[in-house]
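This is what each chain is made of:
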Amino acid sequence: KIASAVNFVWNYVNDLGCRWLDRHHKFMSAYDCHEYTKGAGDELGLHSQTLQAVAETHSKSRKQFKKRKLNWRTNNPKAKRKSLGWIPFKKSAIKLLKTYQTNKTALKSKLQFSLSKGKKLIITVYDHYNLSNYELNTCDIIQDSRGRWYACITVKDFPKSKCGTGSVGLDLGCKTAVTCSNGNKLETKFTHKYAEKLAKAQRANKKNLVRSIHAKIKNSRLDAIHKFTTNLVKHNAFIALGKLNSSNFTSTNLAKSVYDASWFELKRQLEYKCEYAGCLLEEVDEKYTTQTCSHCLNISSNSPKGRAGLGIREWTCNHCGVTHDRDVNAAKNILRIGRDTLAEGSPLL
């Protein structure tokens, strides 16, 4: 019921922002929107901070995507594109009641959310970080495709992670999503792993099972990428990443593997984790990095070239006789190019 009220506010702000743009020839700010939504919380059963959070999120998304009108949100189960539940809360509407331990590992916390006219919403969440140690900032209660609800909480003064002292080059690919210059690899072939099970569920028209399998694939992929990127930032002070545009591959027969590799998500996680830990991330042009020998820097006649050479996973350089793993060799060249692009170098390298 609360999520439905949030959707109503979103649609109202969406329409209001479009009319504001036609009248004033500029985007309506979140501050301007507050004047139109003031007092609506009593009728809708929402806290005033929730109304402001919806307006701020809408304003930020509209500027990000540069659109005069965003997609409408709906709870209608018969709608072609049903919106998942979303309820934002700010600091003044959140209160931590208590934290308790159910067994040796599980830690739970009770959170109280303020609504209009003194109404309270109390929920219990699994507390993996012991929220009582931190000052709560914001919280978004969101729904996933299986109808499960999660509390996404941000806190203040969370201890920052520190980067390492090493350096590594990363080569993006389809067979292995990421290959490091030190030989470590990340494989995200979870769509292929669950393909047979997913096909059986789809043929049997088991919609709940299909949603569960898709969620399993997504969560497994995100978990693997999170662990991999966290480990990279933890041990390195400089990361060189090959610049690769996934849109060049999504119209070919490699599209399924490209989507499974999830290059965009990997870059997104590396960007904010490196910024948070003080690690230097450099995106470089990976042109000829697969063909060039990382030992003698020559391009031999038997090196893999173009899409015709995708099947060549190992090759030996004709100039120096060194045998290379295709992806590791490319990652080493990316690291070398990344170091060359640094104007003065990094004091930690």
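Scope of this entry: the structure provided in the associated data block. Everything numeric in this text was worked out from a predicted model, so none of it was measured.

What to know about the packing of aromatic side chains
Argument step 1. Here the structure, examined in full by the defined rule, presents five aromatic pairs.
Argument step 2. When the centroid spacing of 6.1 Å and the interplanar angle of 80 degrees are considered together, the rings of Tyr129 and Phe158 count as edge-to-face. Here Tyr129, found in the loop between β4 (120-126) and β5 (135-143), pairs with Phe158, found in the loop between β6 (149-156) and β7 (166-172); they are 29 residues apart in sequence, far enough to count as distant.
Argument step 3. Look at Phe158 and you get partly exposed, because its relative accessible area is 34%.
Argument step 4. Note on Tyr134 and Phe158: the rings are 5.3 Å apart at their centroids and 45 degrees apart in plane angle, and the pair reads as tilted. Of this pair, Tyr134 sits in the loop between β4 and β5 while Phe158 sits in the loop between β6 and β7, and the two are 24 residues apart along the sequence.
Argument step 5. Across from the ring centre of Tyr276, 5.7 Å away, lies the NZ or CZ of Lys160, which sits over that ring.

Quick notes on the sheet that holds strand β3 (residues 107-114)
Argument step 1. Ordered by their spatial adjacency, three strands build an open sheet running β2-β3-β4, and the pairing between neighbours is antiparallel. The outermost strands of the open sheet, each flanked by one partner alone, are β2 (94-101) and β4. This sheet shows a mean twist of 20 degrees between the axes of neighbouring strands, independent of strand direction.
Argument step 2. Note that β3 and β4 share seven bridges and pair antiparallel. Residue pairing in the sheet places Gln112 in a bridge with Ile122 of β4.

Some thoughts on the sheet that holds strand β8 (residues 178-180)
Argument step 1. Strand order across the open sheet formed by five strands is β9-β8-β7-β10-β11, with mixed pairing between neighbours. In this open sheet, the two edge strands, each paired with only one partner strand, are β9 (185-186) and β11 (280-285).
Argument step 2. Of the strand pairs in this sheet, β8 and β9 are connected by two bridges, and their pairing is antiparallel. Counterpart to Val178 in the pairing with β9 is Leu186.
Argument step 3. The sheet strands contacting helix α10 (residues 326-341) are β7, β8, β9, β10 (236-243) and β11, and the helix crosses β7 at an angle near 125 degrees.

Definitions and limits used
- Residues numbered from 1 in each chain as written.
- Predicted model: local features only at pLDDT ≥ 70, side-chain atom pairs only at ≥ 80, totals over all residues.
- Heavy atoms only, no water.
- Phe/Tyr/Trp six-rings, centres within 6.5 Å; stacked < 30°, edge-to-face > 60°.
- Helix = DSSP H or I, 4+ residues; strand = E, 2+ residues; numbered from the N terminus.
- Buried < 20%, exposed > 50% of the residue type's maximum accessible area, 1.4 Å probe, protein only.
- Lys NZ or Arg CZ within 6 Å of the ring centre and 35° of its normal.
- Pairing = 2+ DSSP bridges.
- Axes fitted to C-alpha atoms, helices over the stretch in contact; angles between N-to-C directions.
- Contact = heavy atoms within 4.5 Å.

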